[in-house]
Every structure is written in C-alpha cells, then in structure tokens.
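Coordinates in review
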Amino acid sequence: MDRKTEYQKITSVIKLFERSVDKYPQNPLIWEKSDGVYKPTTYKEIKNEAQYIAASLLNQDYQHGDRIAILAEGRKDWLVAELGMFYIGVVNVPLSVKLDVSEVAFRVKHSGAKAIMVSRTQAAKAEQVIEEIDTLTHIIYFDEKPNKHYAVSFEEMKSKGEICLRDEEFSSIFVNITNNIKPDDLANISYTSGTTAQPKGIMLTQRNYAANALQSCSRVSITPSSVSLTILPWDHSFAHTANVYCFIYYGGSIATQEIGRTPIETLKNIPKNINEIHPDLMMSVPALSKSFRKNIENGIRQQGATAERMFKFFLKVSYAYNANGFSRGKGWRILLKPLVALADKLIYSKIRQNFGGKLRYFIGGGALLDIELQRFFAAIGIPIMQGYGLSEASPVISTNSLDAHKFGSSGKIVDFMELKICDADGNALLAKRVRL
C-alpha cells in the first residue's frame, strides 16, 4: 500500500500503531534503562501492555471522552498509558514536568481530568493538586505507590487488565469500543506555555496526529532499524509526533533518556546515553544545539592552541564548501572537497564518535535555529534539518531534509498538506517562488 493510500486509511493513532505492530511485531519499540542497562520492549509487547491498561481503565468505568493527565518524563509507561487511553477513547492531557504545582492544578482543573499519572519525580506535585480539586479522584503511580486512598499502581492496573481480557464477554465489549474510535475523537488536550496569559488547551484529534505523522514521514529518512534517543519532552507536540509516532510508523526504535535525581543530572546523562544507544537520528531544539556546540568547542580547546586553530581553519573551509546548504560542493566549491575530506578524517569524524558514531542528522524544531548553528553542524557532518510548525497543526508543517536542505529556511511543505498565507482580512497572498 502506498503512502497516499495509507494516509487516507490510517485515521487514528491506534490504526497507525496496529499497522506497525502487524508489520514489525518483534522490532524493539522502546529501549529503556533497567538496572543500569538498556533493555528493549517490542511492538507486540507494547500493544499487550497498552491493551491491559485500556481494559483496566474500562473496568474502572472510565468512559469515552474522559480525561486523564500524564505528568512524567518520556518513558515506556508514558507511551503505554497514552495508547491504553486511545484504545477506549479516553483523552490524554500531557503535562510538562517543568510546571509548578499551581500550573499543574490549573491544567488539571481546566481539562476536567479525572486522574493523573505520575513518575517518581513528579508525584509530590500531584499529591498537592489532588487535595485542591474535587473532580480529581485518583493518582496513578508509574513507580512506587504510597499507602493513600487515592493511589493506584500502574503495574497492578496491567495485571488486572490482563485478567479482564480473559473474560470473553468483557473482551468482546473492549474490541467493539476500540473498533468504534472515530477520526474526529479527541486524543489530546495539549497546553501552550501561557507566557502572556492563561495557557490555552489545544484540542487535537486522533486524525490530527495520525495524519501529521504520515505527512511528516514524507520528509524524514527512517527505517525499521533506525534508533532515536528522545531528549525532548513528550508533552510537546513536536517530540510527540516527530519522535514517537513517525518512528512507530516506520517500525523504528525509541530509546528513553535516563532520568537523574535532578534535572541537571538528567542533562548530564545525555552524552552517556548517546554512546550507549548509538542513535542515527535525533530531535533537537536550539538550546540543546547550543549546548552541544559549546561542549564540542570546549573539547577542541582542551587539546591546545594548535588544535583550536586547525579546527577554526577547517570550519571556514567547510562553510565555504557547504555555502547555503543546497549549493554544497557545487561550482568552484568542488576544489575544496579534498580539504573537507581531510578535515573530516582528522577532526569531524572524531567529534561524531562522541555522538555515538552513527548519528546522520538532527531534526530541529521548537524555535528558530540561527544560521550559524546550522552551518556549524553541517560542517561537522551532523546537519540539523530545521522545520516549522504549530501545536495547532499537530505540529509539523514543513521541514528541511537530506535531499533538500537550505540554511535559514524552514524547508519544504510536507506531503498531503495545503498551505495558505493570508493577510489580516483573510485574503490569500500570492506566493513568490524562490529558487533554491
């Protein structure tokens, strides 16, 4: 089946997910640290766990359209929980771990969430919130569960859900509900940052996510053997669509970041995790890209003045060779190719080893990435493919790609999407074609 046909037929996240389970049942979907070692969970295993959670929620009388919040770092249970909700039409309200108690309380109350799922690091926030909101009835713990009347264990839910699905009548009801999930059913309420006013809850449907995942896949190069280390928060629609559902569509693998005892410790785990997982594609935002560059330059500087001068010289050569990205190596620039190859052998290849040795490129989003950073990473052989989007668009609208990359641009519009730029009165403006 070609992608256009699939785009028309895959109208929900569950259909997208189950298509990949059927095609890649034994592929690792999630790699997660356990006892100090990354261990895989396959597509088939994730499906089983998600259905157990769905059955448990159904058995607890959660209904189609009910809302449950997730306040946790990206991890296997986060994905299992969301898919479990989607199987029975429950809406996920993903929340950022950076929120304080009052911000969590506003979003939980505003969305009407009946329960909140939490990781160990976020449990205290939820425990304060539940005392303030009468409609919030349960806290579901991914990790240790306290002895509280409102506390529910996520692992115990899986066990109970598995038992429920053994009942033939219950299983029949469950399958009927799943088969009746509609494209326009609400999937997420995703909150904006709220920097200028109270945050807005963006309502995204099953079809929104499924469609945008397939649209985005027209601009990214992923295979069933691809692996990505997720270092962006999953409550943000960029990571949610591009780093989770795009990889699922292709049968790729997602490794979760090792969570430290503090946010700083978690950040420090990134280089270690990269060299444990050896990703070939990662998502990034400008703040992370700046941090990566700073670490690279500090490492070069520590090798002495000669190494630093050589690095700066080779960067200038590579910048000239790459030009605006799209013109890389064209015209007279072909004369610089031997020097660029020498730079790669002496310096750039060693830098890439610190990124696991297999990383082909980043996809950048979340905010504007300045051209200088784009030039820098292209020079060392790990280009950042800058994209553009809106949370309301689920969120990808356009992106650069390996076969069409121009610094300072937001790339080409993804397939199966129509785009209009309008004036203040809503009149479509005529597009001016720019020659790349």
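The following paragraphs examine the structure supplied in this document.

What counts, and where the lines are drawn
Residues numbered from 1 in each chain as written. Predicted model: local features only at pLDDT ≥ 70, side-chain atom pairs only at ≥ 80, totals over all residues. Heavy atoms only, no water. Buried < 20%, exposed > 50% of the residue type's maximum accessible area, 1.4 Å probe, protein only. Helix = DSSP H or I, 4+ residues; strand = E, 2+ residues; numbered from the N terminus. Pairing = 2+ DSSP bridges. Axes fitted to C-alpha atoms, helices over the stretch in contact; angles between N-to-C directions. Parallel < 35°, antiparallel > 145°, perpendicular 65-115°, else oblique. Left-handed = near helix turned anticlockwise from the far one by under 90°. Contact = heavy atoms within 4.5 Å. Nonpolar A, V, L, I, M, F, W, Y, C, P; charged D, E, K, R; others polar. Salt bridge = Lys/Arg side-chain N within 4 Å of Asp/Glu carboxyl O.

1. Describing the pairing of strand β11 (residues 253-256)
Side-chain alternation along β11 places Ser 253 and Ala 255 on one buried face and Ile 254 and Thr 256 on a second face that is also buried. Where strand β1 (residues 28-34) and β11 come together, 2 bridges link them in parallel fashion. Opposite Trp 31, over in β11, you have Ala 255 as the bridge partner. Note: strand β10 (residues 227-230) against β11, 4 bridges, orientation parallel.

2. A word on the packing of helix α13 (residues 305-322) against helix α14 (residues 337-353)
Helix packing for two helices is described by the angle between their axes and how far apart those axes are. At a closest axis distance of 10 Å, the pairing of α13 and α14 adopts a crossing angle of 125 degrees. As the angle between them shows, α13 and α14 are arranged oblique. Of the two elements, α13 crosses α14, and the hand of that crossing is left-handed. Here Met 310, Phe 311, Phe 314, Leu 315, Val 317, Ser 318 and Tyr 321 of α13 come into contact with α14, specifically with Lys 337, Leu 339, Val 340, Leu 342, Ala 343, Leu 346, Ile 347, Tyr 348 and Ile 351. Its residues placed into classes, the contact of α13 with α14 shows 14 nonpolar, 1 polar and 1 charged.

3. Side note on the pattern of salt bridges
Per the stated rule, a full pass over the model turns up 25 salt bridges. Between Lys 33 and Glu 276 there is a salt bridge, and its shortest N-O distance comes to 3.0 Å. Of this pair, Lys 33 sits in strand β1 while Glu 276 sits in helix α11 (residues 263-277), and the two are 243 residues apart along the sequence. As a salt-bridge pair, Asp 344 and Arg 352 come within 2.7 Å of each other at their nearest N and O atoms. On the accessibility criterion, Arg 352 (18% relative accessible area) is buried.

Keep in mind these numbers describe shape, not what the thing actually does.
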